[in-house]
Amino acid sequence: MFAWLLARYHYLSFTQPVGENRFLILPWVQVPCLASHVLAMISRRLSRDWQKRYAHPILLMETFVDRRFQGTCYKAANWHFVGHTTGRTRNGSSQPIAPVKDVYVYPLHSQARVMLQ
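Residues numbered from 1 in each chain as written. Predicted model: local features only at pLDDT ≥ 70, side-chain atom pairs only at ≥ 80, totals over all residues. Heavy atoms only, no water.

> Report on the pairing of strand β2 (residues 60-66), specifying residues and quantitative values.
With respect to burial, β2 is a largely interior element, five of its seven residues being buried. Sheet topology places β2 next to strand β4 (residues 101-107); seven bridges connect them, and they run antiparallel. Counted as the bridge partner of L60 is P107 from β4. (Buried < 20%, exposed > 50% of the residue type's maximum accessible area, 1.4 Å probe, protein only. Helix = DSSP H or I, 4+ residues; strand = E, 2+ residues; numbered from the N terminus. Pairing = 2+ DSSP bridges.)

Put into structure tokens, the structure is as follows:
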């Protein structure tokens, strides 16, 4: 779920963001603004639920979008594009073996960037 990316380190010097593993709305589901509503609901609950379960808040969410998709729902929900992955996996392979993905982050606290540095 987490990947250690150069793009993230340019945005924040150090962090352990929560990564979204899968988010898919099937093409035949026709509900206006559904993706934005779901992402908003997640962002409102995540830090509070995490605080309750693990006794510390979450300040930043991140997601990786396969380059064959445009990340439209993240852009519409005000997520920040911070760069691309390098194609390497978290297992430390020195050669790119995974597809390059776009990286988006969403701060859950207005001072997340400052607090995570």
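Now that the structure has been shown, we can carry on.
> Pulling in residues and values, what's your account of the nonpolar core?
The biggest cluster of nonpolar side chains holds nine residues, and these are L39, L46, I58, M61, V65, Y74, A77, W79 and Y104. Residue assignment for this core shows that the elements contributing at least two residues are α2 (34-54) and β2. L59, V105, A112 and L116 belong to the second-largest nonpolar core, a separate cluster that totals seven residues. (Core = buried A, V, L, I, M, F, W, Y, C linked by side-chain atoms within 4.5 Å.)

> Describe the pattern of salt bridges, with residues and values.
What the rule picks out here adds up to three salt bridges. As a salt-bridge pair, R45 and D49 come within 3.1 Å of each other at their nearest N and O atoms. Highlighted residues: R45 and D49, both in helix α2, separated by four residues, approximately one helical turn. Exposure remark for R45: the relative accessible area of 45% places this residue in the partly exposed category. Its salt-bridge partner being R67, residue D102 comes within 3.0 Å of it at the nearest N-O pair. Here D102 is found in strand β4, whereas its partner R67 is found in the loop between β2 and α3 (72-76), with 35 residues between them in sequence. Looking at R67, the relative accessible area reads 46%, which means it is partly exposed. (Salt bridge = Lys/Arg side-chain N within 4 Å of Asp/Glu carboxyl O.)

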